[in-house]
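# Architecture and fold: a report
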Amino acid sequence: MESLIGTDPKIVFAFWLGVVITVMTVVMLTVILIMRQLVLRRERNHARGVASWRRVLMAGPNEATAQVPTLRLRDLSGFLEAWNEAHEPLHGGTTPYLSRIAGEVGLEKQLYRILDQRGFHKHLVAIIALGHVKNSGNFHRIEAFIDDKSPIVSLCAARALMQIDPGRAASMVVPQIVRRHDWSQGSIATILQEAGGDHVLSQELSEATLQAHAEIAPRLVRLLASVSPEAAAPIIRKSLASSTDERLISTCLQVMSNPAALDLVRPLLTHSRWHVRMLAAVTLGRLGVAGDEQRLIAMLADEQWWVRYRAAQALMKLPFVDAGQMRQIQQAQTDKYARDVIDHVLAEHHKEAA
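Everything in this summary refers to the structure shown in the same document. (Residues numbered from 1 in each chain as written. Predicted model: local features only at pLDDT ≥ 70, side-chain atom pairs only at ≥ 80, totals over all residues. Heavy atoms only, no water.)

## A few points about the pattern of salt bridges
By the definition in use, this model includes 14 salt bridges. The closest approach of N and O atoms between Arg-277 and Asp-302, which form a salt bridge, is 2.9 Å. Note that Arg-277 is positioned in helix α15 (residues 274–287) and Asp-302 in the loop between α16 (292–298) and α17 (305–317), a separation of 25 residues in sequence. Residue Asp-302 is classed as buried on the basis of its relative accessible area, which comes to 13%. The partner of Lys-336 in a salt bridge is Asp-340, with the nearest N and O atoms 2.9 Å apart. Residue Lys-336 and its partner Asp-340 are located together in helix α19 (residues 336–353), separated by four residues, close to a single helical turn. Within this structure, Glu-88, Arg-159 and Glu-194 form a network of salt bridges that share partners. (Salt bridge = Lys/Arg side-chain N within 4 Å of Asp/Glu carboxyl O. Helix = DSSP H or I, 4+ residues; strand = E, 2+ residues; numbered from the N terminus. Buried < 20%, exposed > 50% of the residue type's maximum accessible area, 1.4 Å probe, protein only.)

If you want it as structure tokens, here you go:
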């Protein structure tokens, strides 16, 4: 230090600046190392919690009567991962054993505390876990999250509400399906299918479909048909009879399962748009009756290859038409393209049979 006395002030300043920077670097490095150790410790606790609670939650019949361990706070994140994982194969359901564990470890109180905290991941895990608990008293705690700006959080909230009370949740979830374009179609379908054939849900979805504009109607028809084909049938029939929207007509043809509407499908075999003709042919192949083979034979000479191809495939799918009859149909054709497409479909049929 004495050597700095009388030294140029700039040099003194540079010296002390170097000292400060060195000290700050050491402090920052120490903090990083401590934080790293804390993260590693938390990850180890989480992995240990997942492993130990997975064994408990997946216990066999003989172990299921054993005393449930105490849920320590450090194991909570691991328990929740194992808890949600154990429920996924149940497709929205639960078991008496899992319900007993939730009660004995005081799971719901822990989840209430997590919901009061900040954090996307914490909210997500807690909402999913509360849905599996299936306590109707938790309905009001979850419904606030159905309007969350995150599509993932709101979808998880919708699923949890449907798990708890599908009839009550339907009036909240269906309007969100109509309004939110950021919700995944596959996720919505899964949520609705888990709810099964709930009458209130089918009714809500039917009313929304009837009132929907052209942009959203095809999506709702597809969802309704996956939840309740019976509820979808009259809407599909009405749409085929009165709608001029090609997207809606195409969707109805793809999802219809009631042969009673075939009288509205047959006129579409001569529709001006080739993709509608193609889907009408596919529908006849799936649901057609005796006499429909003649209509499909007439389509083998369509100007569009895809229409000819799907018509030939549809013929092969009719239960009263086999490969031998297809050869007879082929021999009766005067159109080269009709004969070629039958060759193509028969080759596919033989390849699949082999």
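## Considering helix α7 (residues 151–164)
Given a rise of 1.5 Å per residue, 14 residues ought to cover 20 Å, and the 20 Å separating the end C-alpha atoms of α7 matches this to within 8%. Judged by how many residues are buried, α7 sits mostly within the fold: twelve of 14 residues are covered. What α7 keeps buried is the set Val-153, Ser-154, Leu-155, Cys-156, Ala-157, Ala-158, Arg-159, Ala-160, Leu-161, Met-162, Gln-163 and Ile-164. (Expected span 1.5 Å × (residues − 1).)

## As for the layout of surface pockets
A volume near 550 Å³ is recorded for the largest pocket. Around the largest pocket, the lining comprises 17 residues; the ones closest to its centre are His-46, Leu-76, Ser-77, Leu-80 and Lys-122. Counting residues per element, the lining of the largest pocket draws most heavily on helix α2 (residues 76–87), at five residues. Its residues assigned to classes, the lining of the largest pocket comprises five nonpolar, six polar and six charged. (1 Å grid on protein atoms, 1.4 Å probe; cavity = no way out; pocket = protein on both sides within 12 Å on 5 of 7 lines; lining within 4 Å. Points joined across faces, edges and corners; volume = space filled by probe spheres on them. Nonpolar A, V, L, I, M, F, W, Y, C, P; charged D, E, K, R; others polar.)

## Here we look at unusual backbone geometry
Phi is positive for His-91, close to 50°, though the residue is something other than glycine. Within the secondary structure layout, His-91 lies in the loop between α2 and α3 (96–104). Of note in the backbone geometry, Lys-134 takes a positive phi value of approximately 65° without being a glycine. Positionally, Lys-134 belongs in the loop between α5 (120–133) and α6 (139–143). Lys-134 sits in the partly exposed class, given a relative accessible area of 30%.

## Points about empty space enclosed by the protein
Overall, the coordinates contain one cavity of 30 Å³ or more when judged by the stated rule. The space that makes up the largest cavity amounts to roughly 60 Å³. Lining the largest cavity, in full, are Ala-225, Pro-229, Ala-232, Ala-233, Ile-236, Val-255, Met-256, Ser-257, Asn-258 and Ala-261. Counting residues per element, the lining of the largest cavity draws most heavily on helix α12 (residues 229–242), which supplies four residues. Residue composition of the lining of the largest cavity, by class: eight nonpolar, two polar and no charged.

## Describing the packing of aromatic side chains
Overall, the coordinates contain five aromatic pairs when judged by the stated rule. Through successive ring pairs, a cluster of aromatic residues spans Trp-53, Phe-79 and Trp-83. Sitting above the plane of the Tyr-112 ring, Arg-141 keeps its charged end 3.6 Å from the centroid. Between the NZ or CZ atom of Arg-168 and the centre of the ring of Phe-139, over which it lies, the distance is 3.9 Å. (Phe/Tyr/Trp six-rings, centres within 6.5 Å; stacked < 30°, edge-to-face > 60°. Lys NZ or Arg CZ within 6 Å of the ring centre and 35° of its normal.)

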